[in-house]
Amino acid sequence: MQSHLSAWLIKHELVHRSLGFDYQGIETLQIKPEDWDSIAVISYVYGYNYLRSQCAYDVAPGGFLASVYHLTRIQYGVDQPEEVCIKVFASRKNPRIPSVFWVWRSADFQERESYDMLGISYDNHPRLKRILMPESWIGWPLRKDYITPNFYEIQDAH
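Remember, predicted model here, so these are calculated numbers, not experimental data.

Draft legend 1. Representation of the overall build of the chain. Across its full length, the chain carries three helices and seven strands. Counting from the amino terminus, helix and strand elements in the chain follow one another as α-β-β-α-β-β-β-β-α-β. Referenced to the eigenvectors of the C-alpha coordinate spread, the extents of the chain come out at roughly 55 × 35 × 30 Å. Evaluated residue by residue, the chain yields a buried proportion of 39% over its 158 residues. For the chain, the share of sequence-separated contacts (at least 6 apart) that also reach a separation of at least 24 residues comes to 52%.

Put into structure tokens, the structure is as follows:
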């Protein structure tokens, strides 16, 4: 069993890997970073016109970082929209993934948060800078190998 998008990608010989289905029957696909920008455009053209969410996580200490995209195909008159989850894994030493801001504008703040917390650099993002942490912050707080500083500066705490 495979999603419509997975079947379409296979038909057109686009490299991906199915990671299985979740409890709701939504398929998760693994895409290589170098293929993600073209597959994102193809997904949009195929009908996945809504980026429901983008998040990122640290797979394991010293391992890969993952950027996760939940795409939805919204159509008029369809009660149960088709969904797919895309995972793009990046090397911890140089985590670079093409930005999908130019495909789905809602990726703007979500990719910035992933950059801020995990240090994943989204190529061609128009405003890739910290969004939650101060610009002077050193390190990536949600990485599993992050060492928490032994002090915190409390500003305007009155």
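Draft legend 2. Just the side chain of Ser-43, in detail. Of note, Ser-43 is situated in helix H2 (residues 33-46). Within the structure, the side chain of Ser-43 is placed 2.7 Å from the backbone oxygen of Ile-39, a separation counted as a polar contact. Each residue touching Ser-43, except ones within four places of it in the same chain, is listed here: Leu-5, Tyr-48, Leu-71 and Trp-104.

Draft legend 3. Layout of the UniProt feature "domain: NADH:ubiquinone oxidoreductase 30kDa subunit" (unreviewed entry) in the chain. Under the local residue numbering, the UniProt record ascribes the feature "domain: NADH:ubiquinone oxidoreductase 30kDa subunit" (unreviewed entry) to residues 30-148. With 22% helix and 29% strand, residues 30-148 has its two end C-alpha atoms placed 31 Å apart.

Draft legend 4. Quick peek at the pairing of strand S1 (residues 17-21). In the sheet, S1 pairs with strand S2 (residues 27-31) via four bridges, with the strands oriented antiparallel. For Phe-21, the partnering residue across the bridge sits in S2 and is Glu-27. Two successive antiparallel strands, S1 and S2, enclose a turn made up of five residues, where Gly-25 displays a positive phi of approximately 85°.

Draft legend 5. Spatial organisation of unusual backbone geometry. Its identity as a non-glycine residue notwithstanding, Asn-124 has a phi of 70°, on the positive side. With respect to the helices, strands and loops of the structure, Asn-124 is situated in the segment after strand S7 (121-123). The exposed category is assigned to Asn-124, whose relative accessible area is 64%.

Draft legend 6. Spotlight on the side chain of Thr-72. Summarising the element assignment, Thr-72 is placed in strand S4 (residues 65-73). Apart from the residues within four sequence positions on either side, Thr-72 is in contact with Gly-47, Tyr-48, Asn-49, Tyr-50, Arg-52, Pro-81, Glu-82 and Glu-83.

Draft legend 7. Structural view of the nonpolar core. Residues Leu-5, Trp-36, Tyr-69, Leu-71, Ile-86, Ile-97 and Trp-104 are the most contacted members of the largest nonpolar core, which totals 27 residues. For this core, the secondary-structure elements that each account for two or more residues are helix H1 (4-11), S2, H2, strand S3 (50-58), S4, strand S5 (82-90) and helix H3 (107-118). If we skip the residues at most four places from it in the chain, Ile-97 touches Trp-36, Ser-67, Tyr-69, Val-88, Ala-90, Ile-120, Ser-121, Tyr-122 and Asp-123.

Draft legend 8. Structural view of the pattern of salt bridges. Tallied over the full model, the rule gives seven salt bridges. Here Arg-127 makes a salt bridge to Asp-108, at a shortest N to O gap of 2.7 Å. Placement of the pair is Arg-127 in the segment after S7 and Asp-108 in helix H3, with a sequence separation of 19 residues. The class for Arg-127 is partly exposed, based on a relative accessible area of 40%. The exposure class of Asp-108 is buried, given its relative accessible area of 9%. Between Asp-116 and Arg-130 there is a salt bridge, with its nearest N and O atoms 2.5 Å apart. With Asp-116 in helix H3 and Arg-130 in the segment after S7, this pair connects stretches of sequence that are 14 residues apart. For the pair Asp-116 and Arg-130, a shared accessibility class is recorded, and that class is buried.

Quick notes on the rules
Residues numbered from 1 in each chain as written. Predicted model: local features only at pLDDT ≥ 70, side-chain atom pairs only at ≥ 80, totals over all residues. Heavy atoms only, no water. Helix = DSSP H or I, 4+ residues; strand = E, 2+ residues; numbered from the N terminus. Buried < 20%, exposed > 50% of the residue type's maximum accessible area, 1.4 Å probe, protein only. Contact = heavy atoms within 4.5 Å. Polar contact = N/O pair within 3.5 Å; in protein donor to acceptor, adjacent residues only side chain to side chain. UniProt positions renumbered as here; feature names shortened; annotations may be inferred. Pairing = 2+ DSSP bridges. Core = buried A, V, L, I, M, F, W, Y, C linked by side-chain atoms within 4.5 Å. Salt bridge = Lys/Arg side-chain N within 4 Å of Asp/Glu carboxyl O.

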